[in-house]
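Residue strings, one per chain:
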Amino acid sequence: MRNPNFELRTESEVLKINLHPDGKTAKSVTYIDDAGTECEQPADIILLCGYGLMNVRMMFLSGIGAPYDPKTGKGVVGRNYCYQTGGGGAQLIFDDKKFNPFVGAGALSTSAHDFNADAFDHSNLDFVGGATIGSGESNGRPITNRPTPPGTPRWGSKWKEATAKTYGRVMGIGGSGSSYPIRGNYLDLDPTYTDRHGRPLLRITFDFPDNDIRMQQWVSKQCEKIARTLNPKILTVGSVRKDWNSVPYGTTHNTGGAVMGGRSDHQRGEQISAELGCFQCVCGRRFGLPAERRPESHRHRGRAGLLGSGGDPRPLYEGAGTVDVDGATGRRAAAGFGSKKGIGSRVTP
Ligand SMILES: Cc1cc2nc3c(=O)[nH]c(=O)nc-3n(C[C@H](O)[C@H](O)[C@H](O)COP(=O)(O)OP(=O)(O)OC[C@H]3O[C@@H](n4cnc5c(N)ncnc54)[C@H](O)[C@@H]3O)c2cc1C
């Protein structure tokens, strides 16, 4: 940025990358400035740094690369979209301990990699991948952080009593897990929703792969084992389930969505895990950081270190060890800034 020929143009939005006639190399970007004027900026090098999802959308809008077709399995842009599998873990409520979450900090979190990736023996397990298991008191924000024991009414004096008593006496042990590509999870342009320029938004078609559900359930059991040693008064475990829903916070760690390499066709067909298929590996600051190694301990209602992902905490004392893994339909969401029409996904209460 100190170079004299560097200029930062804020309030500008790139609309398209323009290609040379050969269709293989880029020559310029078309952007719109803060006065609404459309400009063309020639360049020798163009970096896609608009975040993994937006990079894929830009490639679609610019006609770069072969779009992925889930029916045939061909194409590379939009393919191998992955996420991060959280939503599990244990929530511990104590009578005799206070954690002072209002003086928490993200750096207080601790993670163990014993059950991450291939760091453990999978020979008797029915999944690949794994998760970091972590815990930490990162915040006690009074609006987002109001944990209550299972069965507490959602409003009224009983809720007030429970929230006052429980706030500060909760900790979580959670898993941030890997996410693997499957044929039916992909990105494409939304046929309905557009941005303020009338350009299609990105559409995400995703549901948790069965492998990742099995991984997460197993990781949750490990969290539960650790939690039991701490003798909480109330212990609940969470589980990720099918029917991914974009509305409740899950994770902001989207990965994959564009297969990279020297070949532009579908023949680059090997399975690429989230940590390798991530477009951000080249463009973002998150170089080479796998999905399961991105701690996000600053929310989740006191379940520090837990990723939401539609998680379903159920009280152990009600014997809720089972989880629903039925329903294989991918769930869709439209993603894009400046959308006039909002999110295009089904809301599951
Ligand atoms: C609420 C939230 C909490 C998070 N918490 C954590 C956490 O605790 N730990 C963690 O590891 N990660 C966390 N993440 C994820 C992390 O922030 C992202 O993975 C990371 O910022 C991605 O970096 P990036 O440079 O690829 O993209 P970004 O940081 O998104 O930067 C992309 C930039 O490109 C701009 N842009 C996009 N399209 C265009 C266009 N067409 N024209 C011009 N400009 C464009 C955008 O405005 C943006 O400024 C969180 C993310 C969110 C949203």
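Use the structure listed above.
Residues numbered from 1 in each chain as written. Predicted model: local features only at pLDDT ≥ 70, side-chain atom pairs only at ≥ 80, totals over all residues. Heavy atoms only, no water.

Draft legend 1. Representation of the pattern of salt bridges. The full count for this structure, using the stated rule, is ten salt bridges. The closest approach of N and O atoms between Arg9 and Glu7, which form a salt bridge, is 3.1 Å. A residue is classified by how much of its surface remains accessible, and Arg9, at 37% relative accessible area, is partly exposed. The shortest N-O distance in the salt bridge between Glu224 and Arg228 comes to 3.2 Å. Of the two residues, Glu224 and Arg228 both sit in helix H3 (residues 210-228), four residues apart, roughly one turn of that helix. Since its relative accessible area comes to 18%, Glu224 is described here as buried. What you see here is one network of salt bridges that share partners, running through Glu13, Arg57, Asp195, Arg196 and Arg199. (Salt bridge = Lys/Arg side-chain N within 4 Å of Asp/Glu carboxyl O. Buried < 20%, exposed > 50% of the residue type's maximum accessible area, 1.4 Å probe, protein only. Helix = DSSP H or I, 4+ residues; strand = E, 2+ residues; numbered from the N terminus.)

Draft legend 2. Inspection of a nonpolar patch on the surface at higher detail. There is a patch of nonpolar side chains on the surface, built from Met1, Phe6 and Leu8 and spanning about 380 Å² of accessible area. Relative to the elements of secondary structure, Phe6 occurs in the segment before strand S1 (13-19). (Patch = residues over 30% accessible without salt bridge, like charges linked within 9 Å, V, L, I, M, F, W, Y side chains within 5 Å. Areas by Shrake-Rupley, 256 points an atom, 1.4 Å probe, with all protein chains shown as cover.)

Draft legend 3. Looking closely at the sheet that holds S1. Overall, antiparallel pairing links the three strands, which are arranged S1-S2-S3 in an open sheet. A strand with exactly one partner marks an edge of an open sheet, and here the two such strands are S1 and strand S3 (38-42). This sheet shows a mean twist of 25° between the axes of neighbouring strands, independent of strand direction. Note: strand S2 (residues 26-32) against S3, five bridges, orientation antiparallel. (Pairing = 2+ DSSP bridges. Axes fitted to C-alpha atoms, helices over the stretch in contact; angles between N-to-C directions.)

Draft legend 4. Highlighting unusual backbone geometry. Its identity as a non-glycine residue notwithstanding, Glu11 has a phi of 55°, on the positive side. Tracing the backbone through its elements, the reader meets Glu11 in the segment before S1. Positive phi outside glycine occurs at Asp243, with the angle close to 70°. Note that Asp243 resides in the loop between strand S10 (234-238) and helix H4 (280-283).

Draft legend 5. Structural detail: the pairing of S2. For S2, the tally of buried residues reaches five of seven residues, placing the bulk of the element in the interior. Across six bridges, S1 lies against S2 in antiparallel orientation. Across the sheet, residue Val14 finds its bridge partner in S2, namely Tyr31. As consecutive antiparallel partners, S1 and S2 are separated by six residues, and within that stretch Gly23 has a phi angle of approximately 75°, a positive value. Between S2 and S3, which follow one another and run antiparallel, lie five residues, and Gly36 among them has a positive phi close to 85°.

Draft legend 6. Focus on the nonpolar core. Grouped together as the largest cluster of nonpolar side chains are 24 residues, with contacts concentrated most on Val56, Tyr81, Leu187, Ile204, Phe206 and Phe208. Going through the elements one at a time, S2, helix H1 (52-62) and strand S9 (200-206) are the ones with two or more residues in this core. If one sorts the elements of this core by residue count, H1 sits on top with five residues. In this structure, Leu92, Phe120, Phe127 and Cys223 belong to the second largest nonpolar core, which totals 16 residues. (Core = buried A, V, L, I, M, F, W, Y, C linked by side-chain atoms within 4.5 Å.)

Draft legend 7. Inspection of H1 at higher detail. In terms of burial, H1 is largely enclosed, as eleven of its eleven residues are buried. Restricting attention to buried positions, one finds in H1 the residues Gly52, Leu53, Met54, Asn55, Val56, Arg57, Met58, Met59, Phe60, Leu61 and Ser62. At the C-terminal side of H1, Gly63 shows a positive phi close to 70°.

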